[in-house]
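Topology and contacts: notes
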Amino acid sequence: MEGIVNKAHLVMDEVRKVIVGKDDCIEKVMAAVLAGGNVLLEDVPGVGKTEMAIAFSKACGLKSNRVQFTPDVMPADITGFSMYRKDTESFVYRPGAVMCNLLLADEINRTSPKTQSALLEVMEEGSVTVDGVTRQVPRPFIVLATQNPVGSFGTQRLPEAQMDRFLICISMGYPELEDEIAMLKSRHRGRPLDQITAVINGAELLVMQEETESIFIHDVLYKYMTLLSSATREHEMLELGLSPRGTLALGKMARAYAYIRGRNYCVPKDVKAALLDVGVHRIRLNQKARISGKSAGDILEEVLGRVKEPKLGEKT
């Protein structure tokens, strides 16, 4: 397992050539990729969301397609369509943007709900259905989507059903002063994206994902994750807590964090690190939370404080 883990760190090292000072964000995206999940990068324009996605596609050696989501993008642009050929008197499938390993969905919340919904099937099941025929997309398949904050000009809120399809939702934030200076110096010498080389390929990534799935989780931690999800559903400042899909996502990310850190088993800190990543976009605040100025992250931190952290070896 050690050699495979090192390859995960090689990927992150390549991404750091482009994204400076955001090691925590890079690790979160790497963990989501290892878990086979989709990633939503939400932040203001210009902080490097798109470059992060492109850097990962290059470092992982994946076939990628990029779609700039605008109001005129149609569902057929995403899923593909059937075209009639007169010479054969038959319909031929023309692949859409999803027929790749990594789909970069840029500014996903600027397009229409009808086009957004075209991604629901492929994000959950890894397949698309066109004219009654279901086709599998290549494996591995990952959606890395970016969105501008809700309320920005030309944006609309993603439906909760689609938000739930994203394994994690993270915000990059502005760089620190020293990191922004380093970025300015590196851009003066050329385009950092051109310096990224593929350190793995799709087949190797599939092996890494299978290794991640085999990470051991003790029954005590399964109970801990379930209690955390239950605590969000009962929290007095939430209208909507973590769904069962959210609990499953918590387990997937916990395994991925253990994998990156060179362990073949999970510990409580893996679960705690994953809760905010998988939870901030799945819970809905009520009026009481909004009046008190609480954020989703604040409430999830409260939940971590309310649920006792287990000690491995305890009985369930």
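Above: the structure in question.
First, a word on scope: everything that follows refers to the structure included in this document. Just so it is clear, the model here is predicted, and its values are computed rather than measured.

Glancing now at the packing of aromatic side chains. Applying the stated criterion across every chain, the model contains 1 aromatic pair. For the cation-ring pair, R135 lies above Y93, with the distance from its terminal atom to the ring centre recorded as 3.9 Å. The ring of Y265 has R263 lying over it, and the distance from NZ or CZ to the ring centre is 5.7 Å.

Evaluation of the coordinates by the stated rule reveals 21 salt bridges. For R245, the salt bridge goes to E124, with nearest N and O atoms at 3.5 Å. With R245 in helix 11 (residues 244-260) and E124 in helix 6 (residues 120-125), this residue pair connects regions lying 121 residues apart in the sequence. Its relative accessible area of 28% is what places R245 among the partly exposed residues. Measuring nitrogen to oxygen at the nearest pair gives 3.3 Å for the salt bridge that ties R284 to E239. Of this pair, R284 sits in strand 11 (residues 284-285) while E239 sits in strand 10 (residues 238-240); the two residues are 45 residues apart in sequence, bridging distant segments of the chain.

For the rest of this paragraph, the subject is the environment of D72. Within the element layout of this structure, D72 appears in the loop between strand 2 (64-68) and helix 4 (75-79). Looking at D72, the relative accessible area reads 60%, which means it is exposed. Spatially, the C-alpha atoms of D72 and T111 are 7.2 Å apart, while their sequence positions differ by 39 residues.

Of all hydrophobic cores here, the largest spans 71 residues; its most connected members are V29, M52, F56, L228 and M253. Looking at which element gives the most residues to this core, the answer is helix 11, with 9 residues. Listed in part, the 27 residues of the second largest apolar core include A97, M99, A145 and C169.

This paragraph deals with helix 9 (residues 202-213). Residue pairs three or four apart in sequence face the same way in an α-helix, which turns once every 3.6 residues. For helix 9, built from 12 residues, the straight-helix expectation of 16 Å at 1.5 Å per residue is met to within 8% by its first-to-last C-alpha distance of 17 Å. When helix 9 is considered as a whole, its buried residues turn out to be G202, L205, L206, M208, Q209 and T212. Buried positions in helix 9, seen along its axis, are confined to an arc of 160 degrees and lie on one side of it. Among the exposed residues of helix 9, those pointing more than 90 degrees away from its buried face are A203 and E210.

Another aspect to go through is the side chain of S57. One can find S57 in helix 3 (residues 49-59). Exposure remark for S57: the relative accessible area of 5% places this residue in the buried category. At 2.7 Å, the side chain of S57 forms a polar contact with the backbone oxygen of I54. When neighbours within four sequence positions are excluded, S57 is seen to be in contact with L62, S64 and L102.

Parameters at a glance
- Residues numbered from 1 in each chain as written.
- Predicted model: local features only at pLDDT ≥ 70, side-chain atom pairs only at ≥ 80, totals over all residues.
- Heavy atoms only, no water.
- Phe/Tyr/Trp six-rings, centres within 6.5 Å; stacked < 30°, edge-to-face > 60°.
- Lys NZ or Arg CZ within 6 Å of the ring centre and 35° of its normal.
- Salt bridge = Lys/Arg side-chain N within 4 Å of Asp/Glu carboxyl O.
- Helix = DSSP H or I, 4+ residues; strand = E, 2+ residues; numbered from the N terminus.
- Buried < 20%, exposed > 50% of the residue type's maximum accessible area, 1.4 Å probe, protein only.
- Core = buried A, V, L, I, M, F, W, Y, C linked by side-chain atoms within 4.5 Å.
- Expected span 1.5 Å × (residues − 1).
- Arc of directions from axis to C-beta.
- Polar contact = N/O pair within 3.5 Å; in protein donor to acceptor, adjacent residues only side chain to side chain.
- Contact = heavy atoms within 4.5 Å.

Purely geometric numbers; function is a separate question.
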